[in-house]
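Chain and residue survey
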Amino acid sequence: MMKFIYDSLETVKKLKHPTKKDFINITIAIFVAVILSSILFVLYDTVFTWLYKWFYNMMQ
């Protein structure tokens, strides 16, 4: 069990931590992805709502 703990600690020491520039780039990429997915969601919602209303009015 102790061997596992020491191996884990050695592995953690070898990890490369992100730089400030990497952190900023990842944050910007996440914001862009959230904004684009939000726009896509609104677009799909608008189109499907319009299709539903058109179909509903056609059936009356």
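Residues numbered from 1 in each chain as written. Predicted model: local features only at pLDDT ≥ 70, side-chain atom pairs only at ≥ 80, totals over all residues. Heavy atoms only, no water.

**With respect to the overall build of the chain**
- Within the chain one finds two helices and zero strands.
- In terms of overall dimensions, the chain is more spread out than a globule: its C-alpha atoms have a radius of gyration of 25 Å, far above the 10 Å expected for 60 residues.
- Projected onto its principal axes, the C-alpha positions of the chain cover 75 × 35 × 5 Å.
- In the chain, which comprises 60 residues, the proportion classed as buried is 0%.
- Between the averaged position of the 7 positive side-chain charges in the chain and that of its 4 negative side-chain charges there is a distance of 6 Å. (Helix = DSSP H or I, 4+ residues; strand = E, 2+ residues; numbered from the N terminus. Rg over C-alpha atoms; globule rule 2.2 N^0.38 Å. Buried < 20%, exposed > 50% of the residue type's maximum accessible area, 1.4 Å probe, protein only. Lys, Arg positive; Asp, Glu negative; His and termini not counted. Charge placed at Lys NZ, Arg CZ, Asp CG, Glu CD.)

**Some words on the pattern of salt bridges**
- Inspection of the entire model under this criterion finds two salt bridges.
- Linking K3 and D7 is a salt bridge whose minimum nitrogen-to-oxygen distance equals 3.2 Å. Of this pair, K3 and D7 both sit in helix α1 (residues 2–14), four residues apart, roughly one helical turn.
- Its relative accessible area of 34% is what places D7 among the partly exposed residues.
- Here K16 and D22 are joined by a salt bridge, their closest N and O atoms 4.0 Å apart. (Salt bridge = Lys/Arg side-chain N within 4 Å of Asp/Glu carboxyl O.)

**Regarding the packing of aromatic side chains**
- A full pass over the atoms with the stated rule returns one aromatic pair.
- Centroid distance Y52 to Y56: 6.2 Å. Interplanar angle 20 degrees. Geometry classified as stacked. Of this pair, Y52 and Y56 are both found in helix α2 (residues 20–59), four residues apart, which corresponds to roughly one turn of the helix.
- The class of Y52 is exposed, set by a relative accessible area of 56%.
- When its relative accessible area of 45% is taken as the criterion, Y56 is described as partly exposed. (Phe/Tyr/Trp six-rings, centres within 6.5 Å; stacked < 30°, edge-to-face > 60°.)

**What about the environment of L40?**
- Looking at the element boundaries, L40 is found in helix α2.
- L40 sits in the partly exposed class, given a relative accessible area of 40%.
- A C-alpha to C-alpha distance of 44 Å links L40 and E10, two positions 30 residues apart in sequence.

None of the figures reported here should be taken as evidence of function without further support.
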